[in-house]
Amino acid sequence: MALEEGARSCLLRFRHRLEQDIKPSYLMDHMISDGVLSVNEEERIMNQPTRKDQAVALLELLLRKDNRGYISFYNALIKEAYNDLANLLHYDLPQTLPGAYKSSSDGCTSYVQTVLSEGGVPQRPVVFVSRPEFVNRVREKLYRLQKEPGWVTVFGMAGSGKSVLAAEAVRHHGLIEECFPGGIHWLSIGQLDKPDLMVKIQSLCFRLEQSLDSPSLHRPPNSLDEAKERLRYLTLRRYPRSLLILDDIWDSTVLKAFDIHCRILLTTRNRSLADSVSGAKYEVEVESGLDEKKGLEILALYTNTKLHGLPEEARSIVKECKGSPLVVSLIGALLKEKPNRWRYYLNQLQQKQFKRIRKSSSYDYDALDQAMDASIEVLPDEHRELYKDLSVLEKDIKVPAKVLSVLWDRETEQVEDILEEFVNKSLLFVDSNNKPYLYYLHDLQLDFLVEQNCTQLESLHSKVVHQYQQHYRDGPPTSGDEECLYWIRFLTHHMAKANLSQELYSLMFSLDWVSIKAQIMGPAHLINDYVEYGPILDKENSEVRSQFQEFLSLNGHQLEQRPFPDVVQLALSQPQTSEVYRQALLQAQGRASTGKLYFDWLNKSSVENLSRLVIHPHQGSIYSACFSHDGAKIASSGASKTLKVFKSTSGEKLTEIQAHDDEVLCCAFSPDDRLLATCSSDRKVKVWNVERSMLLRVFEEEHEEQVNHCQFTNTTQRVLLATCSNDKFLNVKLWNLNKPSSQNTMFGHFEPVNHCCFSPDDTYLSTSSNDGTVKLFQVSSANEWKTINVRNMFAESDEEVLVKCSTWTADGKHIICAARNAALVFDVETSDMLLEIRTNRLSTVQYCHACSTSNLLAIAFSNYAVELWDLEANKKMADCSGHLSWVQRVQFSPDGSQLLSCSDDQTVRLWETNKVHTSSAVCLKRDSDVLFYDEEIIVSAADNCNRLQVRDGRTGSVLFQSEEKSSRIRCTCMCRQPSAVALGQEDGTVQVLEVPSGKILATLLGHTKTVLHCRFSHNGQTLITSSEDTTIRVWRWQSGECKVLQGHKEQVRCFSLLYTLPVDTRLLSWSFDGTVKMWDLESGEKMQDIQAHRGAILSCHVSPDGCLFATTSADKTAKLWQCESWQFVHTLSGHQDCVRSCRFSWDSQCLATGDDNGEIRLWSVKDGSLLRICSRDGKDGMDSLHGGWVTDLHFSPDNSLLVSTGGYVKWWDVEKGEALQTFFPTGTALKRIHVSADFSTFVTIDSIGILYILERVV
């Protein structure tokens, strides 16, 4: 049968809306279970590349389906809470059979009312809310009884509304006329013994016989068998094609009395009852929950109130009723009599005082708990005790049978049989889509169990912990299956509930547990545990609790990487006084004895950890992050097109929404935190219900270009949403969420508007634009109040001034604007500029935000920094360093105690505003030199203030610091005898300074461009420098005498001395010009010159035996050459990117090369063959194999180990090519690593200027 024309045109009419909003995967599950969609069809649709393409394919398929397909799609929309879309399709619902129903109501004629009242079918309850998706499903099954007898079982838990739905399903003219012209007869059964059952059947037979034209003169039947035969005769001969409805069946023996080959609809809590009878069988499960809207409708009808007039407690009452029609109706009936008791009944529900919620006359049960009790009473005693154990489960948590087999100490198969009995009696639910099956309780069942067993809960939780400890004596499960997940997630919960504090301490203060749980569940769950059980743990040791919590908060983004990092190595970076470090060191020492590599960060005490929490919520740049108004949640969005909400204490993900078809540029909470707005490059603005992750509104017609920013009003009095876009004219809009189109458009800007922001009292809206102005509009009238011309403040420059954003001070008197490299403070009344915070950096201000509780201003920069300024004192208060890319957004928490920042580096960082300060801002540049001497480690490097520092590596103490230099320091090298340090600058100047006095020993002028590399000769008398000016200079620095080595055509980034002791006479140099040259240092003559590569040469190394040298190039190859003859030996091909670094092994037999894709290859020097590629395990899907270019390589003296630097430091087993250990610095992009002669100490500096002295743990 083809799809009705009305239904077809309806689908075509609303096709665009449906394609935009539906998630096909969710809807198709329901349609497959309805039998209107095949698994192959689903697979074809899911193969489409995007969600929208899938939606298009599903609608194409629907248009080729029949009426049942349309009805199934409509029901699926309702189930998945797309109520607004279902409403669009409702009017054109096709008739499943000629003359069948259009909707629940239009079939209810006077004929229907007569038939139903004659058959004893209950009237609709006084308060009735339609549930069309369930009614339609029951009717569809009843239509299947048209041609042959059979059973339709409507099953569900107590209070789910089965009886009302059964009565409603038959309240339909077409159904009765076509399928049950013999009438419909209702029998309420309940828990009956045999004599009572016989009385019920006798009275039914009597009623049927009275309705006949010639009533029977038979005596009443005397036995159950006789009653059964009489009923069989009546239904087959006198009332063919009638329907018998048996309401509330508990026992299969009762059902057998009606096994008489007729048409029966039964309601029950036990889905397996019909297994005991013969004939065709159909089932409809009544899910227990009404949605919020239906629940509110019931309360509104009982209390005779309009929906919008219900008090605020109404929503909470529906929530506490867990969607149960029975409980909502009980409360409604009570409120009808006592309309002022909303708060009282809400409290009763919240305190689970079910016994006090006394019956209303329309129900058979004295109170809700008796309804539950009745179901449990029919269980065998032993099973009743086992059911009690389920009181310890958490709400909405599904458990596999294996968890309960540990708890009950039984075979899994035995446990599955017991659980099946519970499921069949509607005492438990099963998720059979999962393998193995997962079992769970409805919230009401759990509430009932908890109340029933409240005095035994502690001992029940103790039993769980005890059974777990017995079963897992040798250590926790690590399989990652559903059972393992349950124990890893909830063991701490059971310990806390059982009051087993000692067990909880020893578990949570253990690095082993941290490692296992972080690997299986991720770090957010763990952080959450330390927050949730903090009060218990603090009684034992609050300091240790905070140490573990801090370790997880700052390393959470690393613990989310795959392959999973070594937790012991991460923990070795914790402060020396931390319990986390103490445990890690013990474990590292133990494992080191078996050959495992670990490295202790010696100078970590000189580095302060400033961020409180680091979260890695998205793949790709994060453009927006914001606190909820209660400070408990953070929302973030970005290039991944998703919106995420997580806890601000732990980073635990609460919600993830695939929000838009393009990058999500901004997200914002409503003032009551119930809603979230998002805007995107796809030109749409969307509003979401946070709790239910549900789309409430889409504004897609009015903005024609990308929408850059969205913001709600600050107060709840009148909630409006402001948006701004790249549109030429209509670029700022105000939206009232109850209206489909914008309430107002603000005119004035003729260039894109980047940001909009309400004043603290919502009187004004400030807008920041590429036209160089900030405009203030009156919110009530949408009229422009004034323009602040920011462009004029940069009059000295011809470049355009783009105003990125604006922020208001708490008193609403000042507004701060971000433009170019400055934040400018203006007086709102006079438009005068009061203060200018300008950075001398080359970076731009990306964003700024003023704290609502203090004078602090946070500024985000494109150079990865975040700064805090005191506006009153006009003084920088803090540097927050840690981001590895542009910082896009900063925001203070509502109480001002925290600051969040989000960045293109894919992280959101939280900072405690009272803990960050400027002393943390001193950092070193990566061009450095290191001297290892006995136990001493001396490091020289420039700092971020362009001063040269010489530090003691072990203690971090500064041995010497020069004054600030006018030209940037680009390289440095040290000499032990005499004790001196040299530095090369961007302007070509070279200086030699005495250490530690700082006295200038020599200033060497000659280079005309940046000095890129410098090195003292062995005896310290000669200094060699190379430069961007293509020359190398050899200085007798004490006399100023200089030889110039000329010949390269491009910059010379590096060179190498060929050691022929006692004097260094030859020098090897290489350049971006692709040549390698050898020079005689005495004469300055060029000895050799070859064109080695077509591309720039990036590195060169001479073998320790002096026979060969290797070159690597941007042409993706490495080459081997003879030192004496300069003959070419081998080309080493295979790298897929520039070959950045190379190093010979100490025995000169092996060469390691590293490329810009992070790959390291090991080659045989003898024949140039590839020996192996070091393990390709990436850090994550977005990363190169080494977190960046491989910039440096070193072999251990015995050639068994290799260390490499890139985004992080890695140590490798040369024989196997496997990574043995990884050290993750705070920053990234390490340029080189200095290694001690015994391969025990390693020194490097990261991109944010942190110095690392790493020593192997023995």
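Residues numbered from 1 in each chain as written. Predicted model: local features only at pLDDT ≥ 70, side-chain atom pairs only at ≥ 80, totals over all residues. Heavy atoms only, no water.

Novice: I'd like a rundown of the overall build of the protein, residues and numbers included.
Specialist: Summing up its helical and strand segments, the protein has 31 helices and 68 strands in all. C-alpha atoms of the protein, sized along the principal axes, occupy 140 × 75 × 60 Å. A burial count over the protein gives 59% of its 1258 residues as buried. Considering only contacts in the protein between residues 6 or more positions apart, those separated by 24 or more positions represent 54%. (Helix = DSSP H or I, 4+ residues; strand = E, 2+ residues; numbered from the N terminus. Buried < 20%, exposed > 50% of the residue type's maximum accessible area, 1.4 Å probe, protein only. Contact = heavy atoms within 4.5 Å.)

Novice: Residues and numbers for the UniProt feature "repeat: WD" (unreviewed entry) in the protein, please.
Specialist: UniProt feature "repeat: WD" (unreviewed entry): in the numbering of this structure it lies at residues 657–698, 746–787, 880–921, 1004–1045, 1045–1089, 1090–1131 and 1132–1173. Here residues 657–698 runs as 0% helix and 57% strand, with 14 Å between its end C-alpha atoms. Split by type, residues 746–787 is 0% helix and 55% strand. Its first and last C-alpha atoms lie 13 Å apart. (UniProt positions renumbered as here; feature names shortened; annotations may be inferred.)

Novice: Describe the domain arrangement of the protein, naming the residues involved and giving the relevant values.
Specialist: The domain boundaries assigned to the protein delineate domain 1 (5–90), domain 2 (110–285), domain 3 (292–354 + 363–370), domain 4 (500–605) and domain 5 (615–747). Here the C-alpha centre of domain 5 lies 36 Å away from the C-alpha centre of domain 4. In this complex, domain 4 contributes eight residues to the contact, which on the side of domain 5 involves six residues. With both chains or domains summed, domain 4 and domain 5 bury close to 600 Å², and 51% of this area falls on carbon and sulfur atoms. For the pair domain 4 and domain 5, the number of links is zero salt bridges. Here domain 4 and domain 5 share three residue pairs in polar contact (both at pLDDT 80 or more) between them. Split into classes, the residues belonging to the side of domain 4 that touches domain 5 amount to three nonpolar, four polar and one charged. (Domains from an automatic or database assignment. Buried area = accessible area lost by both parts, 1.4 Å probe. Salt bridge = Lys/Arg side-chain N within 4 Å of Asp/Glu carboxyl O. Polar contact = N/O pair within 3.5 Å; in protein donor to acceptor, adjacent residues only side chain to side chain. Nonpolar A, V, L, I, M, F, W, Y, C, P; charged D, E, K, R; others polar.)

Novice: Give a detailed account of the sheet that holds strand 18 (residues 694–699), specifying residues and quantitative values.
Specialist: The strand order across the open sheet formed by four strands is 15-16-17-18, and the pairing between neighbours is antiparallel. Only two strands of the sheet have a single partner each, and these edge strands are strand 15 (664–669) and strand 18. Taking each pair of neighbouring strands and ignoring which way they run, the sheet shows an average axis angle of 20°. In the sheet, strand 17 (residues 685–689) pairs with strand 18 via five bridges, with the strands oriented antiparallel. Among the inter-strand pairings, V685 is bridged to a residue of strand 18, identified as F699. (Pairing = 2+ DSSP bridges. Axes fitted to C-alpha atoms, helices over the stretch in contact; angles between N-to-C directions.)

Novice: A description of the sheet that holds strand 67 (residues 1241–1245) should follow, citing residues and the corresponding values.
Specialist: Spatially, four strands are ordered 9-68-67-66 in an open sheet, and the strand pairing comes out antiparallel. Strand pairing shows two members of the sheet lacking a second neighbour, strand 9 (599–601) and strand 66 (1234–1235), which therefore form its edges. Relative to strand 68 (residues 1251–1256), strand 9 runs antiparallel, the two sharing three bridges. Across the sheet, D600 pairs through a bridge with E1255, a residue of strand 68.

Novice: Just give me the short version of the packing of helix 15 (residues 292–303) against helix 16 (residues 313–320), but keep the residues and values in it.
Specialist: Interhelical geometry of helix 15 versus helix 16 gives an angle of 115° and a closest axis separation of 9 Å. Seen from above, helix 15 lies across helix 16 with right-handed handedness. Contacts between helix 15 and helix 16 pair E292, G295, L296 and L299 from the former with A314, R315, I317 and V318 from the latter. Broken down by class, the residue content of the contact of helix 15 with helix 16 amounts to five nonpolar, one polar and two charged. (Left-handed = near helix turned anticlockwise from the far one by under 90°.)

Novice: Hey, could you go over helix 4 (residues 39–46) for me, with residue numbers and the actual values?
Specialist: By the burial criterion, the buried members of helix 4 are E41, E42 and I45. Looking down the long axis of helix 4, one finds its buried residues gathered within 100° of arc, a one-sided arrangement. Residues of helix 4 that are exposed and point more than 90 degrees away from the buried face comprise N40 and R44. (Arc of directions from axis to C-beta.)

Novice: An account of the packing of aromatic side chains is needed here, citing residue identities and associated values.
Specialist: If you walk through the whole model with that rule in mind, you get 25 aromatic pairs. Taken together, the aromatic side chains of Y468, Y472, Y486, W487 and F490 make up a single cluster linked through ring pairs. Just above the ring of Y933 sits the side chain of R976; from NZ or CZ to the centre is 3.8 Å. Positioned above the aromatic ring of W1189, the side-chain terminus of R1140 is 3.8 Å from the ring centre. (Phe/Tyr/Trp six-rings, centres within 6.5 Å; stacked < 30°, edge-to-face > 60°. Lys NZ or Arg CZ within 6 Å of the ring centre and 35° of its normal.)

Novice: Tell me about the nonpolar core, and name the residues and values.
Specialist: In this structure, Y387, L390, W408, L419, F422, L511 and F551 are the most contacted members of the largest nonpolar core, which totals 89 residues. The leading source of residues in this core is helix 25 (residues 482–497), at eight residues. Both of domain 4 (500–605) and domain 5 (615–747) provide at least three residues apiece to this core. Filtering out sequence-adjacent residues up to four positions away, F551 remains in contact with L511, V514, V567, L570, A571, Q574 and V580. In terms of nonpolar packing, the next biggest core, distinct from the first, is built from 32 residues, M28, I78, L89 and L93 among them. (Core = buried A, V, L, I, M, F, W, Y, C linked by side-chain atoms within 4.5 Å.)

Novice: Please set out the packing of helix 16 against helix 18 (residues 342–350) residue by residue, giving values where relevant.
Specialist: For the pair helix 16 and helix 18, the least separation of the axes is 10 Å and the interaxial angle reads 25°. Considering the angle they form, helix 16 stands roughly parallel to helix 18. Crossing angle aside, the handedness with which helix 16 passes helix 18 is left-handed. Every residue of helix 18 that contacts helix 16 at E313, A314, S316, I317 and E320 is listed here: W342, R343, L346, L349 and Q350. For the contact of helix 16 with helix 18, the per-class residue count stands at five nonpolar, two polar and three charged. (Parallel < 35°, antiparallel > 145°, perpendicular 65-115°, else oblique.)

Novice: Kindly report on a negative patch on the surface, identifying the contributing residues and their values.
Specialist: Among the surface-exposed residues, E411, E413, E416, D417 and E420 lie close enough to one another that they form a single negatively charged patch. Relative to the elements of secondary structure, E420 occurs in helix 22 (residues 412–424). (Patch = residues over 30% accessible without salt bridge, like charges linked within 9 Å, V, L, I, M, F, W, Y side chains within 5 Å. Areas by Shrake-Rupley, 256 points an atom, 1.4 Å probe, with all protein chains shown as cover. Lys, Arg positive; Asp, Glu negative; His and termini not counted. Charge placed at Lys NZ, Arg CZ, Asp CG, Glu CD.)

Novice: Break down the side chain of Q1051 for me, with residues and values.
Specialist: With respect to the secondary-structure elements, Q1051 resides in the loop between strand 49 (1041–1045) and strand 50 (1054–1060). Take Q1051: its relative accessible area is 17%, and that puts it in the buried class. Here R1053 takes part through its side chain, which lies 2.5 Å from a polar atom of the side chain of Q1051. Residues in contact with Q1051, not counting those within four places in the same chain, are L1012, S1027, E1028, T1030, S1071 and F1072.

Novice: Give a detailed account of helix 16, specifying residues and quantitative values.
Specialist: Of the positions making up helix 16, those classed as buried are E313, A314, I317, V318 and E320. Buried residues along helix 16 cover an arc of 165° about the axis, so they all sit on one side. In the segment just after helix 16, K322 is the residue with positive phi, at about 55°.

Novice: Quick one: what's the story with the state of the cysteines, residue by residue and with numbers?
Specialist: Evaluation of the coordinates by the stated rule reveals zero disulfides. Between C667, a free cysteine, and C626, which holds the nearest cysteine sulfur, the sulfur-to-sulfur gap is 4.1 Å. Take C1174: it sits in no disulfide, and the sulfur closest to it among the cysteines is that of C1150, at 9.0 Å. You can call C1174 buried: its relative accessible area is 2%. (Disulfide = S-S within 2.5 Å.)

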